Amino acid sequence: MSLLITGGTGYIGKRLVQQLRKKNNDVYSVGIKDLNFLNYAETLNFLKKNNIRKVIHLGWKIDYENKNSVIYDNLEALNNFIKACEEVEIKRFIFISGNNVYGVDSSKNGFLEEDSLNIDKNNKYGISKYIGEKLVMYTLQEKYCIVRIADVYGPGQNHGNLIKAIISNVENKENIKLYGKGERERDYIYIDDVIRGIEFIYDNNLSGIYNLGTGEGTSVKKIVDIVLNLCQNRIGLDYIKVENEDTSKVILNVEKLKKLGF
């Protein structure tokens, strides 16, 4: 009985494959270009051939230009994948989601797993993950686990968040741009902690929905101040005035996972 990690060539997937292979030789990894989930027959044949009975599904297309078509492709691929998993009588299916499914709330101090989801209609990625979650929940039922990850950062990151952008400024000795007062808050989690969290969930056969983050919000201004202090005046700060500053918060309540020992 083997484990398949989809998106295994991506930022999180590559590290997760390396970690889980330390304890288990029967770990298969596929990237988006390695297996066409839009092709049901090809997907089913792969699962049967390699005796796949456990899945960690990280693979998800991102296209900043054709956002709508990517949503359809992701969901059609997921639907085919789930059907194939049902055919081989999958034992466990861990779906990696994100904090995008919660939307934003300036008054919220930590989103709980059971909170109502209020997705930003302009966030196509969040919408696709939300629908993906529902598809997994309603079809796989007790066999599924959904992991909602906070904003990930760390070395080797290709697609970035604020921290990656600031590091790029430092490397290029460019001033950091601060838009407004920098009041927006996010829950940032280091890549190694993400891997530990997914590994913990997998090893303990957890089911249901879990937030994976730090449980703490950090503002843009605080991150900028830390970096400027570390750089000791080697780079400066440019203040950019904005009319409608983003003061939103996206912080995950992580008590559910912590109570289990993580």
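Everything discussed here concerns the structure shown above.
Since this is a predicted model, take the numbers as computed values, not measurements. (Residues numbered from 1 in each chain as written. Predicted model: local features only at pLDDT ≥ 70, side-chain atom pairs only at ≥ 80, totals over all residues. Heavy atoms only, no water.)

A. Seen up close, helix 5 (residues 162-171). Those residues of helix 5 that sit buried are Leu-162, Ile-163, Ile-166 and Asn-169. With its buried residues spanning 115° around the axis, helix 5 presents them on a single face. Taken together, the buried residues of helix 5 touch strand 6 (151-153), strand 7 (176-179), strand 9 (188-190) and helix 7 (220-231). Looking one or two places after helix 5, you find Lys-173, whose phi comes out positive at around 55°. (Buried < 20%, exposed > 50% of the residue type's maximum accessible area, 1.4 Å probe, protein only. Helix = DSSP H or I, 4+ residues; strand = E, 2+ residues; numbered from the N terminus. Arc of directions from axis to C-beta. Contact = heavy atoms within 4.5 Å.)

B. Focus on the sheet that holds strand 3 (residues 52-57). Across the sheet, 6 strands lie side by side as 2-1-3-4-5-10; this open sheet has parallel pairing. The two strands at the open ends of the sheet, each matched to only one other strand, are strand 2 (27-30) and strand 10 (208-212). Direction aside, neighbouring strands of the sheet carry axes that sit 20° apart on average. The pairing of strand 5 (residues 144-149) with strand 10 spans 5 bridges and is classified as parallel. Of the residues in strand 10, the one forming a bridge with Val-147 is Tyr-210. Of the strands in this sheet, strand 1 (2-6), strand 2 and strand 3 are in contact with helix 2 (residues 40-49), which crosses strand 3 at around 120°. (Pairing = 2+ DSSP bridges. Axes fitted to C-alpha atoms, helices over the stretch in contact; angles between N-to-C directions.)

C. Structural context of the packing of aromatic side chains. Under the counting rule described, the total for this entry stands at 7 aromatic pairs. Residues Tyr-28 and Phe-46 carry aromatic rings whose centres are separated by 6.4 Å and whose planes lie at 85° to one another, so their mutual orientation is edge-to-face. Here Phe-46 lies in helix 2 and Tyr-28 lies in strand 2, a separation of 18 residues in the sequence. Taking relative accessible area as the criterion, Tyr-28 reaches 29% and is therefore assigned partly exposed. Ring geometry for Phe-37 and Phe-81: centres 4.5 Å apart, planes at 45°, overall tilted. Here Phe-37 is found in the loop between strand 2 and helix 2, whereas its partner Phe-81 is found in helix 3 (residues 67-87), with 44 residues between them in sequence. On the basis of relative accessibility, which here comes to 0%, the residue Phe-81 falls in the buried class. Among the aromatic residues, ring-to-ring pairing joins Phe-37, Phe-81 and Phe-93 into one connected group. Over the ring of Trp-60 we find Lys-129; its NZ or CZ atom is 4.4 Å from the centre of that ring. Positioned over the ring face of Tyr-210 is Lys-256, at 4.6 Å from the centre of the ring. (Phe/Tyr/Trp six-rings, centres within 6.5 Å; stacked < 30°, edge-to-face > 60°. Lys NZ or Arg CZ within 6 Å of the ring centre and 35° of its normal.)

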